[in-house]
Amino acid sequence: MDPHSAPSFVLLTDIQPVQLCSPASLVDLTGLESMDQCRRTLEQHNWNIEAAVQDRLNEQEGVPSVFNPPPSRPLQVNTADHRVYSYIVSRPQPRGLIGWSYYLIMLPFRFTYYTLLDIFRFALRFIRPDPRGRVTDPVGDVVSFIHSFEERYGRAHPVFYQGTYSQALNDAKRELRYLLVYLHGDDHQDTDEFCCSTLCTEEVITFLNTQMLFWACSTSKPEGYRVSQALRENTYPFLAMIMLKDRKMTVVGRLEGLIQPEDFINQLTFIMDANQTYLMSERLEREERNQTQVLRQQQDEAYLASLRADQEKDRKKREEQEQRMQEEEKVRQSALAEERRRRTLEEEKERKSECLPSEPPADDPESVKIVFKLPNDTRVERRFLFGQSLTVIYDFLFSLKETPEKFQIVTNFPRRVLPCLPTEEQPNPPTLKEAGLSRSEVLFVQDLTDD
């Protein structure tokens, strides 16, 4: 038989029996700030606080809401495993003459009734498609079944998985747990007795709640009908044990017919024991995959840390190279600037030297003999005219190679600085005569370069 696929949605965990609450209670449990949002959330879950809280917690953990399931590949269940364990409980055979007589008398009527009923249902499918074929609200179908179950059989029952069949499959696969699926036949003659005498007994409730996930729905609901089409039950009550086997969700056990509590627990225990090795193997394999993934993640983190360290070293090396290149460029530019300044200074000295007036003869009565003492202790002698400006003396000294770049001319007694360069107060420097120089003078050249 080909496996039937079912939509794969978000997972839900076990939820206790339904309780009604106010939006204020949901605020305390989930931390929602908006009262309107709490009210909408409760209305979506039919005012079921456990389902609302669980759905909200799933969203906080990054799992999408069951009311906005993401499109994903359907999770398939292998129902064609030839190793599946089937336990079918037949109805008691009639005993005694009266029992057999009643059975034989009713046999034609039962045969005719069920034959006509099947023919009618078959013909009805062509006239009006079965409305159960369209699943529009799978969560609502499950919640509605739980409500009707509690109204009919009471609140003492195993914890029903409040989510879709696909969600239960995904949850069982993720947690590596057994999933027991119960299809409820509303009109079957053994349904009431099974629910009251077996399913809702204390020992069965304790066993199911501690050993597996339990999902149930009525075949009269679209969601239950869809699961019924996938599992192909023969009679009711019907239960299927599903687990992860060989990396597929596989039906490993089928229980059909009315079964007593002790026999029910024994059969489920037998199925679990027979498949425990597969489940352990899956757990070991998953643990190994997780360890491999953790190891790979640690290796990736170590590689990234090493890569970041190398990148940091390269960055610092580039920065040092750039800084060294900048310093070298700065030194080169400084040297070029100094060379340009030196050339400019030499050119200026040559220009000043060419522009100097000629030296007057020694016997010229207007001549002045000046001896200059330079900062390097050398002496330079030259004659000038009384009528010449002090600027001429400055230009003469500036044109000499031994003279510093910046200097001033100072007399000895009395000590004073000659105003050789024009200023705002005195744009035209005085002449030698106006400066009070005699026919023979000794002037000192003071270096101002450092200043």
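Residues numbered from 1 in each chain as written. Predicted model: local features only at pLDDT ≥ 70, side-chain atom pairs only at ≥ 80, totals over all residues. Heavy atoms only, no water.

Caption draft 1: Representation of the environment of threonine 250 in the model. With respect to the element layout, threonine 250 can be found in strand 7 (residues 248-256). We classify threonine 250 as buried; its relative accessible area is 2%. Within the structure, threonine 250 has its side chain in polar contact with the backbone oxygen of lysine 248 (distance 3.1 Å). (Helix = DSSP H or I, 4+ residues; strand = E, 2+ residues; numbered from the N terminus. Buried < 20%, exposed > 50% of the residue type's maximum accessible area, 1.4 Å probe, protein only. Polar contact = N/O pair within 3.5 Å; in protein donor to acceptor, adjacent residues only side chain to side chain.)

Caption draft 2: Local environment of the packing of aromatic side chains. Per the counting criterion, the structure on display carries 13 aromatic pairs. Summarising the aromatic geometry, the rings of phenylalanine 372 and phenylalanine 396 are spaced 5.9 Å apart at their centres and angled 40° between planes, so their arrangement reads as tilted. Of this pair, phenylalanine 372 sits in strand 8 (residues 367-373) while phenylalanine 396 sits in helix 11 (residues 390-399), and the two are 24 residues apart along the sequence. Here phenylalanine 372 and phenylalanine 396 have matching classes, each one buried. Aromatic side chains tyrosine 394 and phenylalanine 407 sit 4.4 Å apart centroid to centroid with 20° between the ring planes, which places their arrangement in the stacked category. One end of the pair, tyrosine 394, is in helix 11; the other, phenylalanine 407, is in strand 10 (residues 407-411), with 13 residues separating them in the sequence. (Phe/Tyr/Trp six-rings, centres within 6.5 Å; stacked < 30°, edge-to-face > 60°.)

Caption draft 3: Structural detail: the pairing of strand 12 (residues 440-447). Relative to strand 12, strand 8 runs parallel, the two being bridged by five bridges. When the bridges of strand 12 are listed, lysine 373 appears paired with phenylalanine 444. For strand 10 and strand 12, the ladder comprises five bridges, and the chain directions are antiparallel. Residue pairing in the sheet places valine 410 in a bridge with phenylalanine 444 of strand 12. (Pairing = 2+ DSSP bridges.)

Caption draft 4: Quick look at the packing of helix 10 (residues 261-355) against helix 11. One way to put it is that helix 10 packs onto helix 11 with a least axis distance of 8 Å and a crossing angle of 130°. As the angle between them shows, helix 10 and helix 11 are arranged oblique. Regarding helix 10 and helix 11, the two cross each other, and that crossing is left-handed. Across the interface between the two elements, Leu345, Glu348, Lys349, Lys352 and Ser353 of helix 10 pack against Asp395, Phe398 and Ser399 of helix 11. Here the residues of the contact of helix 10 with helix 11 are counted per class, giving two nonpolar, two polar and four charged. (Axes fitted to C-alpha atoms, helices over the stretch in contact; angles between N-to-C directions. Parallel < 35°, antiparallel > 145°, perpendicular 65-115°, else oblique. Left-handed = near helix turned anticlockwise from the far one by under 90°. Contact = heavy atoms within 4.5 Å. Nonpolar A, V, L, I, M, F, W, Y, C, P; charged D, E, K, R; others polar.)

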